[in-house]
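In case you want the letters, here they are:
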Amino acid sequence: MPLLPGAEPMRRDGGEVGVLLCHGFTGCPQSLRPWAEYLAERGLTVSLPLLPGHGTRWQDLAVTGWEDWYAAVDLELRRLREHCGQVFVGGLSMGGALALRLAARHGDAVAGAVVVNPAVTMPRIQGFVLPVLRHLVPSVPGVAGDIAREGVTEVGYDRVPLHAAHSLWRLLREVRADLPRVTRPLMVLHSRVDHVVSPSDSALVLSRVSSRDVTETVLERSLHVATLDHDAERIFADSYGFITRLTARKTARDGA
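Treat the numbers as computed from the prediction; the structure is a model and nothing was measured.

Draft legend 1. Broad picture of the packing of aromatic side chains. Counted under the stated rule, the structure contains four aromatic pairs. Ring plane angle 80° and centroid distance 6.5 Å describe the contact between tyrosine 38 and tyrosine 240, whose orientation is recorded as edge-to-face. Remark: tyrosine 240 occurs in helix α8 (residues 232-255) and tyrosine 38 occurs in helix α1 (residues 33-41); sequence separation between them is 202 residues. Look at tyrosine 240 and you get partly exposed, because its relative accessible area is 25%. In textbook terms, an aromatic cluster arises when at least three aromatic residues are bridged by ring pairs, as seen for Tyr38, Phe236 and Tyr240. When the ring centre of tyrosine 38 is taken as origin, the NZ or CZ atom of arginine 42, which lies over that ring, is 3.5 Å away.

Written out as structure tokens, the structure reads:
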């Protein structure tokens, strides 16, 4: 099945510091490519995989589940660890949830995490009806493209398969349970206005993680897909600053 334009995965080999970026549900690497390129241009090794079932047609997503999506980023983290001394994880929306699970499950193997508008909940009514509705209705209208910046679009599906949405609901339940296991440095950037993921999800993340080094940034001018929106450059620069601060601190500690 041909890929949608911009859905191609990206891998750039650079220095000893690696970054794994995870895209969101029904989206593709296009939404994070400028961020990935920014970090790669500064000498970091960057991986931006295409999650299973994404980047082609929504019917392909319908036959995948959260275990497939998480397995893909888990494998990529292990590959980066083979070549990089330190690896950071990051993501947008569901990609933020995947990054948080990686941080929770891999502990010190993750140097830090950067999440943008992370999704960790779904509306309660959806959780109640999805187990039944997914057997009656194959899909509903999509959620891609929540961007304030004029002339910018997100490449993603225009339909959401409900079997996959139900699996997403199960993933987010797992991630919420794992939040106290997140101990590594964390940066959370979230839009003040978001029509896809409530800003309260970021508040929930901040209240439940066990990380002692936590940075919160409120994005005033962007909607959900902030990595393509007015605050994109701030996300890129702040995340790079976060990474360089932590790598410098480790270098100084190792040399002491």
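The rest of the description comes next.
Draft legend 2. Looking closely at helix α7 (residues 200-208). Where α7 is concerned, the buried positions are Asp201, Ser202, Leu204 and Val205. Along the axis of α7, the buried residues cluster in a sector spanning 155°; they form a single face. In this fold, the buried residues of α7 make contact with α4 (94-106), α6 (162-178) and β8 (186-191).

Draft legend 3. Fine view of the nonpolar core. The biggest cluster of nonpolar side chains holds 44 residues, and the ones touching the most others in it are Phe25, Trp69 and Leu98. Here this core gets eight residues from one element, more than from any other, and that element is α4. Ignoring sequence-local partners within four residues, the contact set of tryptophan 69 consists of Phe25, Leu51, Pro52, His54, Leu61, Thr64, Met94, Leu98, Ala164, Ser167, Leu168 and Leu171. Among the nonpolar cores identified, the runner-up in size contains 31 residues, and Leu21, Leu48, Ala111 and Met187 belong to it.

Draft legend 4. Representation of α1. Of the residues making up α1, those classed as buried are Arg33, Trp35, Ala36, Tyr38, Leu39 and Ala40. Positive phi shows up at glycine 43, right after α1, with a value of about 90°.

Cut-off values and rules
Residues numbered from 1 in each chain as written. Predicted model: local features only at pLDDT ≥ 70, side-chain atom pairs only at ≥ 80, totals over all residues. Heavy atoms only, no water. Phe/Tyr/Trp six-rings, centres within 6.5 Å; stacked < 30°, edge-to-face > 60°. Helix = DSSP H or I, 4+ residues; strand = E, 2+ residues; numbered from the N terminus. Buried < 20%, exposed > 50% of the residue type's maximum accessible area, 1.4 Å probe, protein only. Lys NZ or Arg CZ within 6 Å of the ring centre and 35° of its normal. Arc of directions from axis to C-beta. Contact = heavy atoms within 4.5 Å. Core = buried A, V, L, I, M, F, W, Y, C linked by side-chain atoms within 4.5 Å.

Purely spatial values, then, with no claim about function.
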